[in-house]
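# Geometric and topological summary
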Amino acid sequence: MTLSSVAALSGTLKNQHGHHDDESLGSIRARRNLLAGYWAGSLIGLKGEYLGRYAADLHEADHAVRGDSDVIERLSADLAQAGHAMSKTDIAAALRRFHAQALKDTGCTE
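None of these values were measured; they are calculated from a predicted model.

### Examining the packing of helix H3 (residues 48–61) against helix H4 (residues 69–81)
Between H3 and H4, whose axes approach to 8 Å, the crossing angle comes to 140°. Classified by the interaxial angle, the pair formed by H3 and H4 is oblique. Taken together, the residues of H4 that come into contact with H3 (itself represented by Tyr54, Asp57, Leu58 and Ala61) are Asp70, Val71, Arg74, Leu75 and Asp78. A class-by-class count of the residues in the contact of H3 with H4 yields five nonpolar, no polar and four charged.

### Describing the pattern of salt bridges
Counted according to the given criterion, the structure contains seven salt bridges. In this structure, Glu49 engages Arg53 in a salt bridge whose closest nitrogen and oxygen atoms are separated by 2.1 Å. Here Arg53 and Glu49 lie together in helix H3, a separation of four residues that amounts to about one turn. The class of Glu49 is exposed, set by a relative accessible area of 56%. In this structure Arg53 comes out as partly exposed when scored by relative accessible area, which is 40%. Salt-bridge contacts for Lys88 lead to Glu73; the nearest nitrogen and oxygen are separated by 2.6 Å. Of the two residues, Lys88 is situated in helix H5 (residues 88–106) and Glu73 in helix H4; the sequence distance between them amounts to 15 residues. The class for Glu73 is partly exposed, based on a relative accessible area of 41%. Overlapping salt bridges bring together Arg29, Arg32, Asp62 and Asp68 as one network.

### A short note on the environment of Arg96
In this fold, Arg96 is placed in helix H5. For Arg96, a relative accessible area of 55% translates into the label exposed. Separated by 60 residues in the primary sequence, Arg96 and Ala36 have C-alpha atoms spaced 9.8 Å apart.

### A look at the nonpolar core
With 14 residues, the main nonpolar core has Ala36, Leu75 and Leu95 as its most contacted residues. Broken down by secondary-structure element, the contributors of at least two residues to this core are helix H2 (25–44), H3, H4 and H5. Apart from the residues lying within four places of it in its own chain, the contact partners of Ala36 are Leu58, Leu75, Leu95 and Phe98.

### Focus on the confidence of the model for the protein chain
Regions with low pLDDT should not have their predicted coordinates read in detail. Chain-level statistics for the protein chain give a pLDDT mean of 82 and a share of 77% at 70 or above. Between the elements of the protein chain, mean pLDDT differs from a low of 47, seen in helix H1 (residues 3–16), to a high of 95, seen in H4.

The rules behind each value
Residues numbered from 1 in each chain as written. Predicted model: local features only at pLDDT ≥ 70, side-chain atom pairs only at ≥ 80, totals over all residues. Heavy atoms only, no water. Axes fitted to C-alpha atoms, helices over the stretch in contact; angles between N-to-C directions. Helix = DSSP H or I, 4+ residues; strand = E, 2+ residues; numbered from the N terminus. Parallel < 35°, antiparallel > 145°, perpendicular 65-115°, else oblique. Contact = heavy atoms within 4.5 Å. Nonpolar A, V, L, I, M, F, W, Y, C, P; charged D, E, K, R; others polar. Salt bridge = Lys/Arg side-chain N within 4 Å of Asp/Glu carboxyl O. Buried < 20%, exposed > 50% of the residue type's maximum accessible area, 1.4 Å probe, protein only. Core = buried A, V, L, I, M, F, W, Y, C linked by side-chain atoms within 4.5 Å. pLDDT = per-residue confidence, 0-100.

Set out below in structure tokens:
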């Protein structure tokens with residue numbers, strides 16, 4: 001999936017959750033989660049519609065608790081189940097990279 005597809009899905013998720021059209025922290029976080037979902041889903045071996053669904057599901061999982069622990073736990077469990085054991089520290093580092101990419105994609109700064 002292309003970054004423009006991620007942006008379109010991110011926009012859909014923003015509208016579902018009532019975010020404003022401007023690139024708020026929530027929309028940047030949504031984009032970050034989608035990028036992480038496509039990354040992890042690809043490692044797991046998902047393709048097409050299943051990959052997109054996984055990325056959207058990962059974004060929804062981010063609403064379980066405040067912070068990143070819910071996303072990190074989910075990614076850790078899913079990757080391990082698929083045979084890709086990765087430390088939570090490495091997953092957190094990947095999330096930081098995806099956050100930086102989301103900021104770059106939107107032209108926003110924190």
